[in-house]
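# A look at the structure
Below, each chain spelled out in residue letters.
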Amino acid sequence: QVYTGIAGVLGVGGLGGDLLHDSAPPAESSTAASTSAASLPAPAQMLSTQAQPLLARLQSNPNDVTALIELGNIYYDAAQWNDAIGYYTRALNETPANPDVRTDMGIAYFNTGDADRALKEFDHALKDDPRHEQTLFNVGVVKMNGKNDAKGAIAAWESLLKIDPAFKDRAKVETLLSQAKSQVK
């Protein structure tokens, strides 16, 4: 029930993202960028078109954090979780204290089915910024839907609303809290 909206719900923050495990580094993976754009279906061609200028930037500066994050976001938005994780990982190697990127990477891991790794990334993001609202929201979603931990979800969402009583998606959080609390009773 709640799970069907997770991709949209988790993407509330500035960076988009879904999770998928891919052990190959992005530069070595068989992404749309390594295929002729003319032979690709429309969505893959669009992905390739968006990625090409950023990939060109990485040719001259492999540690261009902005390009790495933007590539991660492009692949995240395309639900290419493994590629997104690869680019986010490279960006975080350069600037590890980035809770936005860390949270998006956690969402990507969750979308690959790795709730434990998602929570690990969220914990890291919260060490960098204990008040990071999007991370707290996502901790609740992953605990509820990935770990069946209603109490943990409640704690995360209550923390979020305590930090920001006017949270932009407060109504959604209150609905999720109500659902979680009904499972605890």
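Located above this text is the structure these notes cover.
Residues numbered from 1 in each chain as written. Predicted model: local features only at pLDDT ≥ 70, side-chain atom pairs only at ≥ 80, totals over all residues. Heavy atoms only, no water.

### Structural notes on the pattern of salt bridges
Going through the model one piece at a time under the given rule, you end up with six salt bridges. One salt bridge in this structure joins Lys147 and Asp116, with 2.6 Å as the shortest N-O distance. In this pair, Lys147 sits in the loop between helix H7 (133-146) and helix H8 (150-163) while Asp116 sits in helix H6 (residues 115-128), placing the two residues 31 residues apart along the sequence. Given a relative accessible area of 39%, Lys147 falls into the partly exposed group. Members of the salt-bridge network, linked through shared partners, are Arg102, Arg117 and Glu121. (Salt bridge = Lys/Arg side-chain N within 4 Å of Asp/Glu carboxyl O. Helix = DSSP H or I, 4+ residues; strand = E, 2+ residues; numbered from the N terminus. Buried < 20%, exposed > 50% of the residue type's maximum accessible area, 1.4 Å probe, protein only.)

### Notes on the nonpolar core
Counting 49 residues, the largest nonpolar core has Leu71, Phe137, Trp157 and Val173 as its most contacted members. Elements represented by at least two residues in this core include exactly helix H2 (42-60), helix H3 (65-77), helix H4 (81-94), helix H5 (99-111), H6, H7, H8 and helix H9 (170-184). With near-sequence residues (within four places) excluded, Val173 lies in contact with Phe137, Trp157, Leu160, Leu161 and Phe167. (Core = buried A, V, L, I, M, F, W, Y, C linked by side-chain atoms within 4.5 Å. Contact = heavy atoms within 4.5 Å.)

### Describing H8
The end-to-end C-alpha separation of H8 is 20 Å, in line with the 20 Å expected for 14 residues at 1.5 Å each. Of all the positions in H8, only Ala150, Gly152, Ala153, Ile154, Ala156, Trp157, Leu160 and Leu161 are classed as buried. In this fold, the buried residues of H8 make contact with H7 and H9. (Expected span 1.5 Å × (residues − 1).)

### Thoughts on the packing of H3 against H4
Where H3 meets H4, the axes come as close as 8 Å, and the angle between the chain directions of the two elements is 160°. Accordingly, the angle class assigned to the pair H3 and H4 is roughly antiparallel. In the packing of H3 onto H4, the handedness of the crossing is left-handed. Between H3 and H4, the residues in contact are Val65, Leu68, Ile69, Leu71, Gly72, Asn73, Tyr75 and Tyr76 and Trp81, Asp83, Ala84, Tyr87, Tyr88, Arg90, Ala91 and Glu94, respectively. Looking at the contact of H3 with H4, its residues break down into eleven nonpolar, two polar and three charged. (Axes fitted to C-alpha atoms, helices over the stretch in contact; angles between N-to-C directions. Parallel < 35°, antiparallel > 145°, perpendicular 65-115°, else oblique. Left-handed = near helix turned anticlockwise from the far one by under 90°. Nonpolar A, V, L, I, M, F, W, Y, C, P; charged D, E, K, R; others polar.)

### Examining the packing of H5 against H6
Packing of H5 against H6 leaves a shortest axis separation of 7 Å and a crossing angle of 170°. In terms of their interaxial angle, H5 and H6 are classed as roughly antiparallel. Residue-level inspection shows Pro99, Arg102, Thr103, Met105, Gly106, Ile107, Tyr109 and Phe110 of H5 in contact with H6, the latter providing Ala115, Arg117, Ala118, Glu121, Phe122, His124, Ala125 and Asp128. Looking at the contact of H5 with H6 residue by residue, the class counts come to nine nonpolar, three polar and four charged.

### Points about the side chain of Asp64
Inspection of the secondary structure assignment puts Asp64 in the loop between H2 and H3. Separated by 3.0 Å, the side chains of Asp64 and Arg57 make a polar contact. Here the side chain of Asp64 touches Thr66 through a polar contact of 3.2 Å, landing on its backbone nitrogen. Other than its neighbours up to four places away in sequence, Asp64 contacts Arg57 and Leu58. (Polar contact = N/O pair within 3.5 Å; in protein donor to acceptor, adjacent residues only side chain to side chain.)

### Some words on the environment of Phe122
Counting through the fold element by element, Phe122 comes out in helix H6. Filtering out sequence-adjacent residues up to four positions away, Phe122 remains in contact with Thr103, Gly106, Ile107, Thr135, Asn138, Val139 and Val142.

### Side note on the packing of aromatic side chains
Given two aromatic rings, one states the distance between the centres and the angle between the planes to describe the pair. Considering all chains together, one arrives at four aromatic pairs under this definition. Seen in terms of ring centroids, Tyr75 and Tyr87 are 5.7 Å apart; in terms of plane orientation they differ by 15°. Their pairing is stacked. Linking Tyr75 in helix H3 with Tyr87 in helix H4, this pair joins segments that are twelve residues apart in sequence. By relative accessible area, Tyr75 is classed as buried at 1%. In textbook terms, an aromatic cluster arises when at least three aromatic residues are bridged by ring pairs, as seen for Tyr76, Trp81 and Tyr88. (Phe/Tyr/Trp six-rings, centres within 6.5 Å; stacked < 30°, edge-to-face > 60°.)

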